[in-house]
Amino acid sequence: MGGSSPCASCKLLRRRCAKDCVFAPYFPPDDPHKFAIVHKVFGASNVSKMLLELPIYQRADAVSSLVYEANARVRDPVYGCVGAISYLQNQVSQLQMQLAMAQAEILCIQMQQEPNLPTQIDQDEKSLLLSSNFNNNIPQYLGFASSSTVIQDPLKRESLWT
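Residues numbered from 1 in each chain as written. Predicted model: local features only at pLDDT ≥ 70, side-chain atom pairs only at ≥ 80, totals over all residues. Heavy atoms only, no water.

### Description of helix 2 (residues 32–42)
Phe35, Ile37 and Val38 are the residues of helix 2 that are buried. Take helix 2 and look down its axis: the buried residues cluster within an arc of 165 degrees, on one side only. Of the surrounding elements, those touching the buried residues of helix 2 are helix 1 (8–13), helix 3 (44–53) and helix 4 (56–75). Once helix 2 ends, the next one or two residues include glycine 43, with phi positive near 90 degrees. (Buried < 20%, exposed > 50% of the residue type's maximum accessible area, 1.4 Å probe, protein only. Helix = DSSP H or I, 4+ residues; strand = E, 2+ residues; numbered from the N terminus. Arc of directions from axis to C-beta. Contact = heavy atoms within 4.5 Å.)

Shown next, in the form of structure tokens:
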């Protein structure tokens, strides 16, 4: 960075910030926590090697990913960002199931309100939709797997992008 304040990485590592410092464009001096967490998880040498292997136009995205992954790993040392992804996938599955149940309920209500209309639903499907065990059977018909090993609610904490 030359004549101005050293970047966050050079400041943390207590070294002189050169003009061609690979960290300077991505770790500004006003945000030292950003580099500190990446350094803690990945190490400065590894981050430097990763950035130097990438084309310049991809480095900002790589740093953003490293910061996200480092924050996730610090918050959840076992699962890291995989825990957050699993939680979100589980949430999507639950919402898809709720949507399917709501659509089936709408269909049942429409069938009850207009019984004279011809339908393409055979008697077995109709009895399935109208049965009291419908709520218990829907996951097997929709093919949603339940995930009991997912970490419960890692996203209610602070943002991983900090």
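### So, the nonpolar core
Counting residues in each nonpolar core, the largest one holds 21 residues, and the members touching the most others are Cys7, Cys21, Phe23, Phe27, Val38 and Leu51. Mapped onto this core, the elements with two or more residues apiece are helix 1, helix 2, helix 3 and helix 4. Tallying contributions element by element places helix 4 first for this core, with 5 residues. Residue contacts for cysteine 21: discarding those within four places in its chain leaves Cys7, Ser9 and Cys10. (Core = buried A, V, L, I, M, F, W, Y, C linked by side-chain atoms within 4.5 Å.)

### Considerations on the environment of serine 4
Its location among the elements puts serine 4 in the segment before helix 1. Taking relative accessible area as the criterion, serine 4 reaches 43% and is therefore assigned partly exposed. Separated by 25 residues in the primary sequence, serine 4 and proline 29 place their C-alpha atoms 9.8 Å from one another.

### Things to note about a nonpolar patch on the surface
A cluster of nonpolar side chains, contributed by Val78, Tyr79 and Val82, occupies part of the molecular surface with about 300 Å² of accessible area. With respect to the helices and strands, the residue valine 78 is situated in the loop between helix 4 and helix 5 (81–113). Valine 78 sits in the exposed class, given a relative accessible area of 63%. (Patch = residues over 30% accessible without salt bridge, like charges linked within 9 Å, V, L, I, M, F, W, Y side chains within 5 Å. Areas by Shrake-Rupley, 256 points an atom, 1.4 Å probe, with all protein chains shown as cover. Salt bridge = Lys/Arg side-chain N within 4 Å of Asp/Glu carboxyl O.)

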